[in-house]
Amino acid sequence: MATCFTSSPIFSPCYSASVNRISLINSLKLNSHPFSLSKFSTNFSSKSCSLSLTRKQSRKLLQVRSVAAPVEATAGFDEMVSGTQRKYYLLGGKGGVGKTSCAASLAVKFANNGHSTLVVSTDPAHSLSDSFAQDLTGGTLVPVEGPLAPLFALEINPDQAKEEFRNASKKNGGTGVKDFMDGMGLGMIVEQLGELKLGELLDTPPPGLDEAIAISKVIQFLELEEYNKFTRIVFDTAPTGHTLRLLSLPDFLDASIGKILKLRQKISSATSAIKSVFGQEENRPDAADKLQKLRERMIKVRDLFRDAESTEFVIVTIPTVMAINESSRLRSSLKKENVPVKRLVVNQVLPPSASDCKFCAMKRKDQTRALDLIETDPELSALTVVKAPLVDIEIRGIPALQFLGDMLWK
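Residues numbered from 1 in each chain as written. Predicted model: local features only at pLDDT ≥ 70, side-chain atom pairs only at ≥ 80, totals over all residues. Heavy atoms only, no water.

Comments concerning the nonpolar core
Residues Leu-91, Leu-106, Phe-132 and Trp-409 are the most contacted members of the largest nonpolar core, which totals 43 residues. For this core, the secondary structure elements donating two or more residues are helix H1 (77-82), strand E3 (88-92), helix H2 (99-112), helix H3 (128-132), strand E6 (151-155), strand E8 (311-317), strand E10 (384-389) and helix H13 (398-408). If one sorts the elements of this core by residue count, H2 sits on top with 8 residues. Not counting the four nearest positions on each side in its chain, Leu-106 is found in contact with Phe-77, Met-80, Tyr-89, Leu-91, Val-234 and Trp-409. Counting 40 residues, the second largest nonpolar core, distinct from the first, contains Ile-156, Leu-246, Leu-247 and Leu-334. (Core = buried A, V, L, I, M, F, W, Y, C linked by side-chain atoms within 4.5 Å. Buried < 20%, exposed > 50% of the residue type's maximum accessible area, 1.4 Å probe, protein only. Helix = DSSP H or I, 4+ residues; strand = E, 2+ residues; numbered from the N terminus. Contact = heavy atoms within 4.5 Å.)

Structure representation (structure tokens):
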């Protein structure tokens, strides 16, 4: 990344930076003091979430006062933080555009504004731990140290869930498939198909399991009391393809379960008469009942994704023609799924400059062309466009995320 350096404490069109690191003066204000982003110590207690940082002593304290071009549109964070109904925010887009940083900064912003917040990564290649500079692995709720209100993070562990899937599909040394099919009244089919090793096939975690696991977590958010304390839940989703599969999965499962239930009903009607003749009539509704309950849950998740009162999908992109085009296709797909979208975050925008180097001038020209595409794109032009500046530091840790959040979520 190209970075313009200056030794003057006066504002520069590009980021001011020292050779040691950048001091986020007047941008990071915890306890009303200027702090260095790179050299600090943290002390947390169980009774408070206060963050103590050591000041950086330097001959020249360089400042970052402004980093992005003035834009008319803002994120409308006042409405995001004050609303009582909209609880779920999903951030997604092309890989490598900064979804995790934007999601984590939004979660920190919510927490610092009094909301008990949970941020969830549904991306199999998690980076929340890197973003928060804290180990969040394990597939369980982990408290994030630093924000004013409670903030928890959850990285869904697909490998752990796949192992649970394998274990759940085995009973008493068998595959468990016959038990399941027996409950559906289809046990004879399994016996006839034994040579095809159907059990081994079903014991293997199917494609899309990562998204199914994410769906199961959403169900928990809706049903379990331990998640009721969260007034905001932010999803850091996987790249576009995975995300679209996640959003369409409830419909797919609903339709599939519906077909299975109809098949069972037809077979049950045909076999019950025969069984009654021989006095072998029996009722085995357990598997069908479980499938029906699962179907009802899928409908609840599907309705949640499409409920504009409680859910919003935020598209994150960067100012390149390829990324804008993919964002347009994503918006079109979300519209078909009836998923509500209001905002488009354009990340890594070059700040204004009176004097550009040749590289910066060419880069700015490319970005301008990409940004112009948004204004004429039929899918994106109606969205609120929020620009996040290109920074010369790594957005990592609570102070940096607060810094980004204060610029982005206004």
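Observations regarding the state of the cysteines
Under the definition given, this model contains 0 disulfides. Distance from the sulfur of Cys-360, which forms no disulfide, to the nearest cysteine sulfur (Cys-357) is 3.2 Å. (Disulfide = S-S within 2.5 Å.)

Digging into the sheet that holds E10
The mixed open sheet is built from 8 strands, whose spatial order is E5-E6-E4-E7-E3-E8-E9-E10. Strand pairing shows two members of the sheet lacking a second neighbour, strand E5 (142-143) and E10, which therefore form its edges. Of the strand pairs in this sheet, E3 and E8 are connected by 5 bridges, and their pairing is parallel. Following the sheet pairing, Tyr-88 is matched in E8 by Thr-311. Relative to the sheet, H2 contacts E3, strand E4 (117-121), E6, strand E7 (232-236), E8 and strand E9 (341-349), its axis offset from that of E7 by approximately 170°. (Pairing = 2+ DSSP bridges. Axes fitted to C-alpha atoms, helices over the stretch in contact; angles between N-to-C directions.)

Structural notes on the pattern of salt bridges
In a structure, side chains of opposite charge can pair up when their charged atoms sit close to one another. Applying the stated criterion to the full structure yields 14 salt bridges. Between Arg-306 and Glu-337 there is a salt bridge, and its shortest N-O distance comes to 3.6 Å. Here Glu-337 lies in the loop between helix H11 (321-336) and E9 and Arg-306 lies in helix H10 (residues 286-306), a separation of 31 residues in the sequence. Given a relative accessible area of 27%, Arg-306 falls into the partly exposed group. Take Glu-337: its relative accessible area is 18%, and that puts it in the buried class. Across the pair Asp-366 and Arg-369 runs a salt bridge, and its minimum N-O distance is 3.3 Å. Here Arg-369 and Asp-366 lie together in helix H12 (residues 358-376), a separation of 3 residues that amounts to about one turn. (Salt bridge = Lys/Arg side-chain N within 4 Å of Asp/Glu carboxyl O.)

Describing the side chain of Ser-116
Along the polypeptide, Ser-116 turns up in the loop between H2 and E4. Engagement of the side chain of Ser-116 in a polar contact is seen with the backbone oxygen of Lys-229, the distance being 3.5 Å. Apart from residues no more than four positions distant in its own chain, Ser-116 is found in contact with Pro-150, Lys-229, Phe-230, Thr-231 and Arg-232. (Polar contact = N/O pair within 3.5 Å; in protein donor to acceptor, adjacent residues only side chain to side chain.)

Digging into the pairing of E8
Extensive coverage of E8 is indicated by the burial of 7 of its 7 residues. Residues Thr-311, Phe-313, Ile-315 and Thr-317 point to one face of E8 and Glu-312, Val-314 and Val-316 to the other, with burial holding for every one of them. Pairing of E8 with E9, which is carried by 5 bridges, proceeds in the parallel orientation. When the bridges of E9 are listed, Val-316 appears paired with Val-345. Where the polypeptide runs from E8 across H11 and back to E9, its parallel neighbour, the crossover connection is right-handed. (Right-handed = clockwise from strand over helix to strand, strands pointing away.)

Section: the packing of H11 against H12
The geometry of H11 relative to H12 is characterised by a closest axis approach of 9 Å and an angle of 20° between their N-to-C directions. Considering their axes alone, H11 and H12 lie roughly parallel with respect to each other. The two elements H11 and H12 meet at a crossing, and its hand is right-handed. Here Val-321, Ile-324 and Asn-325 of H11 lie close against H12, whose contacting residues are Arg-369, Ala-370, Leu-373 and Ile-374. (Parallel < 35°, antiparallel > 145°, perpendicular 65-115°, else oblique. Left-handed = near helix turned anticlockwise from the far one by under 90°.)

Things to note about the side chain of Arg-302
Tracing the backbone through its elements, the reader meets Arg-302 in helix H10. Excluding residues that lie within four positions of it along the chain, Arg-302 makes contacts with Pro-250, Asp-251 and Asp-254.

Section: the confidence of the model for the protein
With 65% of its residues at a pLDDT of 70 or more, the protein shows a mean pLDDT of 74. The low-confidence segment residues 1-72, where pLDDT is below 50, has 125 contacts with residues more than four positions distant or belonging to other chains. Per-residue pLDDT stays below 50 along residues 192-199; that stretch engages in 3 contacts with residues further than four places along the chain or on separate chains. (pLDDT = per-residue confidence, 0-100.)

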